[in-house]
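Below, each chain spelled out in residue letters.
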Amino acid sequence: MQALLAANLPCRIAAVISNRADATGLEFARQHGIATAVLPHRDYADRAAFDAALAQAIDGYQPDIIALAGFMRILTTEFVNRYHGRLINIHPSLLPAYAGMNTHERALQDGVKIHGCSVHFVTPDLDHGPIIIQAAVTVLSNDTPHTLAQRVLHEEHRIYPQAIRWLCRGQVSLNAAGKVVSDRLEQPGSALVAPGLE
Ligand code: NHR
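The paragraphs below set out a description of the structure included in this document. On a predicted model such as this, the values are computed, not experimentally measured, just so you know.

**A few points about the site of the ligand**
So, step 1. With respect to spatial proximity, 18 residues lie near the ligand, and among them Arg 47, Leu 75, Asn 89, Thr 123 and Asp 127 are the closest.
So, step 2. Ile 74 has a polar backbone atom sitting 2.9 Å from an oxygen atom of the ligand.
So, step 3. One of the backbone N or O atoms of Thr 123 is found 2.8 Å from a nitrogen atom in the ligand.
So, step 4. Protein contacts shield 81% of the accessible area of the ligand, which totals 720 Å² for the unbound molecule.
So, step 5. Counting residues per element, the shell around the ligand draws most heavily on strand β4 (residues 87–91), at 3 residues.
So, step 6. Of the residues contributing to the shell around the ligand, the split by class is 11 nonpolar, 4 polar and 3 charged.

**Remarks on the sheet that holds strand β6 (residues 131–138)**
So, step 1. Spatially, β3-β4-β5-β6 is the arrangement adopted by the 4 strands of the open sheet, whose pairing is mixed. Only two strands of the sheet have a single neighbouring strand rather than two, namely β3 (66–68) and β6. Taken over all neighbouring pairs, the strand axes of this sheet differ in orientation by 15° on average, direction set aside.
So, step 2. For β3 and β4, the ladder comprises 3 bridges, and the chain directions are parallel. Bridge pairing in β4 links Ile 66 to Leu 87.

**Section: unusual backbone geometry**
So, step 1. Put simply, Leu 95 and Pro 96 share a cis peptide bond, and its omega is 10°.
So, step 2. Topologically, Pro 96 is positioned in the loop between β4 and α5 (103–110).
So, step 3. Residues other than glycine seldom take positive phi values, yet Gln 62 does so here, at roughly 50°.
So, step 4. When you line up the elements, Gln 62 lands in the loop between α3 (47–60) and β3.

**Observations regarding the layout of surface pockets**
So, step 1. Taken as a whole, the second largest pocket spans an internal volume of roughly 470 Å³.
So, step 2. If you go around the second largest pocket, you meet 16 residues; those closest to its centre are Ile 132, Gln 134, Leu 185, Glu 186 and Gln 187.
So, step 3. Top element by residues in the lining of the second largest pocket is β6. It accounts for 4 residues.

**What about helix α6 (residues 145–168)?**
So, step 1. In this model, α6 (24 residues) spans 33 Å end to end at C-alpha, consistent with the 34 Å of a helix rising 1.5 Å per residue.
So, step 2. Where α6 terminates, the next one or two residues include Gly 170, which has phi positive at roughly 70°.

**Side note on helix α2 (residues 24–31)**
Note that an α-helix has 3.6 residues per turn; residues three or four places apart therefore point the same way.
So, step 1. For α2, the full list of buried residues reads Gly 25, Leu 26, Phe 28 and Ala 29. Seen along its axis, α2 keeps its buried residues to an arc of 165°; they face one direction. Residues of α2 that are exposed and point over 90 degrees away from its buried face: Thr 24 and Gln 31.
So, step 2. Where α2 is buried, its residues touch α1 (2–6), β1 (16–18) and β2 (36–38).
So, step 3. A positive backbone phi angle near 70° is found at Gly 33, which sits one or two residues after α2.

**Things to note about the pattern of salt bridges**
So, step 1. The final tally for this structure, using the stated rule, is 6 salt bridges.
So, step 2. Across the pair Arg 158 and Glu 155 runs a salt bridge, and its minimum N-O distance is 3.0 Å. Placement of both Arg 158 and Glu 155 in helix α6 is noted, with a separation of 3 residues, approximately one turn of the helix.
So, step 3. Classification of Arg 158 as exposed rests on a relative accessible area of 54%.
So, step 4. Put simply, Arg 184 and Asp 183 hold a salt bridge, and the shortest N to O gap is 3.7 Å.
So, step 5. According to the relative accessible area criterion, Arg 184 is partly exposed, its value standing at 33%.

Criteria and cut-off values
- Residues numbered from 1 in each chain as written.
- Predicted model: local features only at pLDDT ≥ 70, side-chain atom pairs only at ≥ 80, totals over all residues.
- Heavy atoms only, no water.
- Near = heavy atom within 4 Å.
- Polar contact = N/O pair within 3.5 Å; in protein donor to acceptor, adjacent residues only side chain to side chain.
- Areas by Shrake-Rupley, 256 points an atom, 1.4 Å probe, with all protein chains shown as cover.
- Helix = DSSP H or I, 4+ residues; strand = E, 2+ residues; numbered from the N terminus.
- Nonpolar A, V, L, I, M, F, W, Y, C, P; charged D, E, K, R; others polar.
- Pairing = 2+ DSSP bridges.
- Axes fitted to C-alpha atoms, helices over the stretch in contact; angles between N-to-C directions.
- 1 Å grid on protein atoms, 1.4 Å probe; cavity = no way out; pocket = protein on both sides within 12 Å on 5 of 7 lines; lining within 4 Å.
- Points joined across faces, edges and corners; volume = space filled by probe spheres on them.
- Expected span 1.5 Å × (residues − 1).
- Buried < 20%, exposed > 50% of the residue type's maximum accessible area, 1.4 Å probe, protein only.
- Arc of directions from axis to C-beta.
- Contact = heavy atoms within 4.5 Å.
- Salt bridge = Lys/Arg side-chain N within 4 Å of Asp/Glu carboxyl O.

Next up, the structure:
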C-alpha cells in the first residue's frame, strides 16, 4: 500500500480502507492526508453484511479502481461482481501455483527454482482471477521464507504500481469473456533460467 502511494500514480488516491484498526497502512495514509475508513469485520453478522458495508464505504469515494493490499477477508461473489474489471489484488506467488496462504513456505518445501508474484483481477474464484502481470525471482538454496519473501516483495512493489498505471490509462482491461486485454508490448525472447545455464 505504501509503495502504491509512493509511486506517483496518475490517479487520485481516493481512500485507504481496512477491516483492521491497527493496520499500519492507515497511519501512513493519514500522515499523507488521504481519507481512511475502518470497518471491523466482527461488527457484522456475516460476510454479506460486512461486504455490503464495505461496498457502501468504497462507493462513497467513487473510485475507478479498488486495489487489495494485504487484505485478508474472502469477498462474496456479490461484492466481486459489483466491481467487475475494477477490483485487483497482488498475490505473492506465480499463480495459479500457490493460491492461498503461506506461499513462500510452500514454494521452498516443493523445491521450485522460480517463484514470484502476480497482480490479478479479483473474481469469485479465490486467487484465480485473470492475471495482469507477474514477476519471477530465482529461489536460492539458502533461502528462508523470510529472505524469499523479501525478494518477492521487492518485485511486488514494482509490478503493482505498473498494473495500476496500465489500468488508469486504459491500457489493460477485462473483456466480456473475462480475459485480460492489453496493448503492452510482449517480449517473446525473455526467459528467467534458474540456476543459470553454464
Ligand atoms: N476474494 C475473492 N472473492 N477472490 C479473491 O481472489 C480474493 C478475495 C479476497 C482476498 C486476497 C488473497 C491473497 O492474496 C484476496 C483474494 C485471504 C484469504 C483467506 O483465506 C485467501 C486469499 C486471499 C486473502 N482469508 C480467510 C477468510 O476466511 C481469513 C484469513 C485471515 O484472516 O488470516 O476470509 O492471499
